[in-house]
Amino acid sequence: MTKMLAFQTLRVVSLEILGSPCNLLANNVYSITKRCSLISLQSQILRPLSSHQHNPKVPKVPTWEPVPEEQLPQPTKIPADLVDKLERLALVDFRTKQGLECLEKAIRFADQLHVVDTSGVEPMDSVLEDSALYLRDDTVTEGDCAEELLKLAKDTVEEYFVAPPGNIPLPKREERAAILRHSEF
Amino acid sequence: MKKRCNVHYFPSAPDISVIHFSLVCVWYLSALQQLVGVVGLEIHAQISSNTKLFSGSSVQFLAPPNSLVSFFDASLPGTLPVLNKRCVEAAVMTGLALNCTINKKSVFDRKHYFYADLPAGYQITQQRRPVAVDGVLTYSFLGGRKRNQVMRKNVYIKQIQLEQDSGKSLHDDVNSQTLIDLNRAGVGLMELVMEPDMSCGEEAAAAVRELQLILQALGTCQGNMSEGQLRVDANVSVHRPGEPLGTRTEVKNINSLRYLARAIDFEIQRQTEVVQRGGAVLNETRSEVVHLPSNPERPSPSTSCRFMPEPNLPPLQVFEDEASLPAGVEAGQVVLLCTLRAGLPELPSVRRDRLVQTYGLLPEHSFTLVNEDGLMEYFEAVMKGTSRDPRKVIGWVTNELLGLLKQQDLSVSHSPVPPAALAELLELQEAGHISSSAAKQVFQEMWRSPGKAAPQIIQERDLGLVSDDADLHRICQKVVESHPDEVSVRSGNQKVLNKLMGLVQKETKGRADPVLVRKILQEKTS
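Per chain, residues are indexed from 1 in the order of the written sequence. Going through the entries in the order they are written, you letter the chains from A and number the ligands from 1. Per-residue local features are limited, in this predicted model, to residues with pLDDT of at least 70; the limit for side-chain atom pairs, both in listing and counting, is 80 or more; totals at the level of whole chains, interfaces and linings are taken over all residues. The side-chain numbers reported here are obtained from all heavy atoms of the structure, hydrogens and water having been left aside.

- If you check an unreviewed UniProt entry, chain B appears there as Glutamyl-tRNA(Gln) amidotransferase subunit B, mitochondrial from Poecilia latipinna.
- UniProt positions are given in the numbering used here, feature names are shortened, and annotations may be inferred rather than shown by experiment. The record in UniProt for chain B states the following under Subcellular location (unreviewed entry): "Mitochondrion".

- Chain A carries the name Glutamyl-tRNA(Gln) amidotransferase subunit C, mitochondrial in an unreviewed UniProt entry, which gives Poecilia latipinna as its organism.
- Regarding chain A, the UniProt comment filed under Catalytic activity (unreviewed entry) reads as follows: "L-glutamyl-tRNA(Gln) + L-glutamine + ATP + H2O = L-glutaminyl-tRNA(Gln) + L-glutamate + ADP + phosphate + H(+)".
- Regarding chain A, the UniProt comment filed under Subcellular location (unreviewed entry) reads as follows: "Mitochondrion".

1. A look at the overall build of chain B
- Numbering goes from the N terminus for both helices and strands, where a helix is a DSSP run of H or I of at least four residues and a strand is a run of E of at least two. Summing up its helical and strand segments, chain B has 16 helices and 17 strands in all.
- Working definition: with a 1.4 Å probe on protein chains only, accessible area under 20% of the residue-type maximum means buried, over 50% means exposed, and in between means partly exposed. Looking at the 526 residues of chain B, the share that counts as buried comes to 48%.
- What makes two residues a contact is simply this: any of their non-hydrogen atoms within 4.5 Å. Pairs at least 24 apart in sequence give 68% of the contacts found in chain B among residues at least 6 apart.
- Per-residue and other accessible areas follow the Shrake-Rupley method at a 1.4 Å probe size, with only the shown protein chains counted as cover for residues. A total accessible area of about 26000 Å² is found for chain B, and carbon and sulfur atoms account for 52% of it.

2. Topic: the sheet that holds strand S4 (residues 105-106) of chain B
Residues and elements named next belong to chain B.
- Two strands are counted as paired when DSSP detects at least two bridges linking them. Pairing is mixed in the open sheet, where three strands are placed in the order S4-S16-S17. In the strand order of this sheet, the two ends are held by S4 and strand S17 (335-336), each with one partner.
- As defined by bridge partners, strand S16 (residues 316-319) adjoins S17 across two bridges and the pair is classed as parallel. In the strand pairing of S17, Val-318 is matched with Val-335.

3. Considerations on empty space enclosed by the protein
- A cavity, in this analysis, means grid points on a 1 Å lattice covering only the protein atoms where a 1.4 Å probe fits yet has no way out; a pocket is instead an open set bounded by protein on both sides within 12 Å along at least five of seven lines, and a residue lines either one if it has an atom within 4 Å of a point. Grid points are joined across faces, edges and corners, and a volume is the space filled by probe spheres set on the points. For the structure shown, the criterion picks out two cavities of 30 Å³ or more.
- Its boundaries defined by the atoms lining it, the largest cavity holds a volume of some 90 Å³.
- Surrounding the largest cavity, Asp-125, Ser-126 and Glu-129 of chain A together with Val-107, Phe-108, Arg-128, Pro-309, Glu-310, Pro-311, Leu-313, Pro-314 and Pro-315 of chain B form its lining.

4. Examining the pairing of strand S3 (residues 160-163) of chain A
- Relative to S3 of chain A, strand S2 (residues 156-157) of chain A runs antiparallel, the two being bridged by two bridges. Each bridged residue has a counterpart across the sheet, and for Thr-156 of chain A the counterpart in S3 of chain A is Phe-161 of chain A.
- Where S2 of chain A folds back on S3 of chain A, the antiparallel hairpin that results is connected by two residues, among which Glu-158 of chain A adopts a positive phi of roughly 50°.
- The sheet contact formed by S3 of chain A and strand S10 (residues 177-181) of chain B spans three bridges and is antiparallel. By the bridge assignment for S10 of chain B, Ala-163 of chain A is matched with Thr-178 of chain B.

5. Describing the packing of aromatic side chains
Residues and elements named next belong to chain B.
- Pairing of aromatic side chains here covers Phe, Tyr and the six-membered ring of Trp, requires ring centres within 6.5 Å, and sorts the geometry by plane angle: under 30 degrees stacked, over 60 edge-to-face, intermediate tilted. In this structure the tally under the stated criterion is six aromatic pairs over all chains.
- Summarising the aromatic geometry, the rings of Phe-54 and Phe-108 are spaced 5.7 Å apart at their centres and angled 75° between planes, so their arrangement reads as edge-to-face. Here Phe-54, found in the loop between strand S1 (36-46) and strand S2 (83-84), pairs with Phe-108, found in the loop between S4 and strand S5 (109-112); they are 54 residues apart in sequence, far enough to count as distant. For the residue pair Phe-54 and Phe-108, the accessibility class agrees, reading buried in each case.
- Judged by centre distance (6.2 Å) and plane angle (50°), the rings of Phe-443 and Trp-447 are tilted. Of this pair, Phe-443 and Trp-447 both sit in helix H11 (residues 436-448), four residues apart, roughly one helical turn.
- Accessibility expressed as a relative area gives 1% for Phe-443, which makes it buried.
- Look at NZ for Lys and CZ for Arg. If either is within 6 Å of the ring centre and within 35 degrees of the ring normal, a charge sits over the ring. It is Arg-110 that lies over the ring of Tyr-122; its NZ or CZ is 4.1 Å from the centre.

6. Considering the packing of helix H9 (residues 390-407) of chain B against helix H10 (residues 419-431) of chain B
All names here are of chain B.
- Running from amino to carboxyl end, H9 crosses H10 at an angle of 135°, the nearest separation of the two axes being 12 Å. Taken together, the axis directions place H9 and H10 in an arrangement best described as oblique. Here the hand of the crossing between H9 and H10 comes out right-handed. Facing Val-393, Trp-396 and Val-397 of H9, the residues of H10 in contact are Leu-422, Leu-425, Leu-426 and Gln-429.
- In this count, Pro and Cys sit with the nonpolar residues alongside Ala, Val, Leu, Ile, Met, Phe, Trp and Tyr, while Asp, Glu, Lys and Arg are called charged and the others, Gly among them, polar. Taken together, the residues that form the contact of H9 with H10 break down as six nonpolar, one polar and no charged. To obtain an axis, a line is fitted to C-alpha atoms, over the contacting stretch when the element is a helix, and the angle between two such axes runs from 0 to 180 degrees between their N-to-C directions. Should an angle lie under 35 degrees it is considered roughly parallel, over 145 roughly antiparallel, and from 65 to 115 roughly perpendicular; all remaining angles are considered oblique. For a crossing to be left-handed, the near helix must be turned anticlockwise from the far one by less than a right angle; the clockwise case is right-handed.

7. So, the interface of chain A and chain B
- Contact with chain A, which involves 38 residues of that partner, is made by 52 residues of chain B.
- Summing the contributions of chain A and of chain B, the shared interface buries around 3800 Å²; its carbon and sulfur component is 59%.
- In the sections that follow, a salt bridge refers to a side-chain nitrogen of Lys or Arg positioned within 4 Å of a carboxyl oxygen of Asp or Glu. Across the contact surface, chain A and chain B share one salt bridge.
- Asp-125 of chain A is paired through a salt bridge with Arg-128 of chain B; the nearest N and O atoms lie 3.2 Å apart.
- A 3.5 Å cut-off defines polar contacts: any pair of N or O atoms within that distance qualifies, except that in protein one atom must be a possible hydrogen donor and the other a possible acceptor, and neighbouring residues in sequence count only when both atoms are side-chain atoms. Taken together, the links from chain A to chain B amount to 18 residue pairs in polar contact (both at pLDDT 80 or more).
- Residue classes in the side of chain A that touches chain B are distributed as 21 nonpolar, six polar and 11 charged. Summed over both partners, the accessible area lost on bringing two parts together, with a 1.4 Å probe, is the buried area.

8. Concerning the environment of Thr-125 of chain B
All names here are of chain B.
- Among the structural elements, Thr-125 can be located in strand S6 (residues 122-125).
- We classify Thr-125 as buried; its relative accessible area is 1%.
- Residue contacts for Thr-125: discarding those within four places in its chain leaves Val-107, Phe-108, Asp-109, Lys-111, Gln-161, Leu-162, Glu-163 and Phe-307.
- Polar contacts involving the side chain of Thr-125 include one to the side chain of Glu-163, which spans 3.0 Å.

9. Here's the deal with the pattern of salt bridges
- Counting across every chain of the model gives 26 salt bridges over all chains.
- Across the pair Glu-346 of chain B and Arg-354 of chain B runs a salt bridge, and its minimum N-O distance is 2.7 Å.
- Under the relative-accessibility criterion, Arg-354 of chain B is labelled partly exposed at 31%.
- Look at the salt bridges and you will find they share partners, linking Asp-84, Glu-87, Arg-88 and Arg-95 of chain A into a network.

10. Structural notes on helix H15 (residues 494-507) of chain B
- Given the number of residues in a helix, its expected span is that number minus one, multiplied by 1.5 Å. Taking 1.5 Å of rise per residue, 14 residues should cover 20 Å, and H15 of chain B covers 20 Å from first to last C-alpha, within 8% of that figure.
- Restricting attention to buried positions, one finds in H15 of chain B the residues Val-496, Leu-497, Leu-500, Met-501, Val-504 and Gln-505 of chain B.

11. Some points on the sheet that holds S6 of chain B
Residues and elements named next belong to chain B.
- As summarised here, the arrangement of the three strands in space is S6-S5-S15, forming an open sheet in which the pairing is antiparallel. The two strands at the open ends of the sheet, each matched to only one other strand, are S6 and strand S15 (306-309). Adjacent strand axes in the sheet meet at a mean angle of 25° when their direction is disregarded.
- Inspection of the sheet shows S5 paired to S15 by four bridges, in the antiparallel sense. Following the sheet pairing, Arg-110 is matched in S15 by Met-308.

12. Re the domain arrangement of chain B
- Boundaries of every domain are those given by an automatic assignment or by a domain database. Partitioning chain B into domains gives domain 1 (31-309), domain 2 (348-461) and domain 3 (469-524).
- Distance between the C-alpha centres of domain 2 of chain B and domain 3 of chain B: 31 Å.

13. Considerations on the confidence of the model for chain A
All names here are of chain A.
- Here pLDDT means the predictor's own confidence in every residue, given as a number from 0 to 100. Averaged over every residue, the pLDDT of chain A is 74; residues scoring 70 or more account for 61%.
- Of all the helices and strands in chain A, helix H1 (residues 2-19) carries the lowest mean pLDDT, 48, while strand S1 (residues 135-136) carries the highest, 94.
- Contacts for the low-pLDDT stretch residues 12-29, under 50 throughout, to residues beyond four places or in other chains number nine contacts.

14. Some thoughts on a nonpolar patch on the surface
- Residues qualify for a patch when their relative accessible area is over 30% and they have no salt bridge, like charges being joined within 9 Å and the nonpolar side chains of Val, Leu, Ile, Met, Phe, Trp and Tyr within 5 Å. A cluster of nonpolar residues, Met-124, Val-127 and Leu-128 of chain A, forms a patch on the protein surface that exposes about 360 Å² of accessible area.
- The topology assignment puts Leu-128 of chain A in the loop between helix H4 (97-111) and S1.

Given below as C-alpha cells:
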C-alpha cells in the first residue's frame, strides 16, 4: 500500500521536476516519466520528501546511546601555552571562553573513538584510498597565462605578485591578550 | 684544539707534586674526550623533468616571472594535483642507485605552514611513508697525511621522498613588500634525509659530491648547486663520544661545495668554543643571509608544521614486474621496478672500479678521474691515441694537465690542449725523440700557443733528443774533466753520478737521453 502511494508521488514529482526545464522535450516528457517510474519500481529505493511520509528505513527514535563517562579517558586540559602554539600555527583566534569550551567539547566528542578496538586494523586515510593513482606523461600542457593570473591579484609589480613583507611574527601571549581585549570582539 | 697543560714541577715537596701530577692526569684525560662534530644533511634535489610534479607547466631555470604557472600552481580553487610519471621514476631510480628499499605503497601528505611563496598554505610531501627508505651512500675522499689515500665511508639514508618546491620570493625592503614569482612553485623535488653519520665539513662535502655524481649519471638531477638544483641544509651539533647528542643548529643557504665544508667546520668550531666556555648552544638556524625583522625565515622542522594526509591523491603504487600487476592495470600506466633496474646506467663507483681494472690505475687516480668533470673522457681519448703505459699517461693527465687547469681555473672542456695533441706528444716521447723533461717543456709551450703541434715546437726549439753517441761522449767528457774533485771522491757514487748527469743535461738543455748519459758517465767514472 505504501509502495503504491510512494510510486504515485514519485510520478508526480518527476513530472514536476521535468516539466519546467524540459519544455523542448514536451513530447518526450511522458515517455521519460514512464521510464523513470519503471526504473524506480525496479530499484526499490524510494526517496522520500520532507513533506511526505516517513521512510521506513529511518528509525523513529534514536537507537544509539552516548558512551558512558567511565569508559572515556581523562578529559584533556589545554594549557595556555598549547593554545598559544595552536593559534600561532593555525592563525585562528580562539582564546575566548567560548572558543576554548568549543575545543574541549570537540576533543571530548572525539574521545569516544578510544572505546573502539582498533588492534590489527590498518588506519584509513580516505574512502578512495583503493583507487588507482593516475600517472601523467611528462609533456608540457599548461602555463603561459601570467596575465590572467596577475589580473586576480590586488597588487602586482612588473609581473610579480606583491605580498606583505615576510611573515610578521605574532606578538607574545601577554601582548596578544591585551590586543584582543581592546579589539571589537 | 689546543690543550692547556700547565705542569708545575715542585722538586722539593714530593707529596704535593704527586697530588698535582694526578690532577694534571685527570685534566689531561678529560681533555682527551674531545668534542666531536656531528653532521646530518638534508638534501633537496630538483628533479630533472619537462614538467612539474603535479601540473603540466614547464620547468625552466630562467623565464619571465609567473610565465610557467598553471592554475594548480597558483592554488586556484577547484584545481587538483595529477602526479607526473617521470618524477616517480626519477625518485625510484635514485632509491635503487642508493640501495634503498622501495616502498611498494607510499602515501602523500600535506605539510601546512604560512609563507607568501606557498600559495596553497601547504606543501604536498611524503612524510609518513615515502617512496624509498633505508639506503646507504658510499663516498670516498682523498685523506691521509699526503692526501693521496682513498678513504671510503658510508652515510645511511633515512628516506627519499617526493615533494613540491615553493615559489621564489624577492624581499623589497625599500617599499616594505615581497615580490613573489611562482615559476618554481610545484617543481618536483627529491628530499634525501641522511642520518647524522658525518663528523666534519670535508666528509659532508665528499658525500654531497658523490651524490652529485650519482644523480648526474642517473640523469635524475643536474646537481648544479649554484642554480639551486641541489640544495643542502646541514644540521650540526657537537658532543663527547659516548654522550648523548648536543643541541643542533641548522646551516642553510649553501650554494657551493667549498662553502658547505667551510660553513660546517666553522659551525663546529663555534659550538665547541661555546660548550667549552660552559655556555649552551641554541637551537637556531644560521645562514649567510641576514634576517631582518621584516623578512624572517621560512618555517623549518624546528618550528613545527601541521601534517594531514593528502585527500586528493590515492597511495602511489610501484610494481615489481608485469606479472605482479593486478587485473585491469596497464603496464604503460605504472612504474615497474624491473624496467628501471635494468635501465640503470653505470654509477660512479662502478666506473672507478672499471678504470682500475681496465687500465691498472691506482684507486686515487681513478678517483681523481671520475671526480673532475670530463677528465675521464679526456684520459680515455688520450689512451686511444698512444700506446704508452696508462700508469705513465695518468701522471700527465692528473699532474701536468690538471695542474695547469686548476691554476687558470679552467674546466677540462676548455683545455687548450686537446687529447689528440697530448697523445701525439706522448707518442714522440715513447718513440725516443724527446726526453721527459723536454716533453714537459713542449707541453707548456703547447698550452701557451694552442694549435701548435708537438713536432713543430720540437723543431722550433730544437728540443729533439740528443742520442748521437759521439756528441754525448764529448759532452760527458767535458763535464767529467771540469769536475775532477767529485769524480775522485768515490767512483760509482750515486750522488756524484746524479750531479754529473744534471750538469750534462744543463749542457744539452735537457735534450740528452738520460739512459745513455748515465751509462757513459758510469763508464767514465769507474
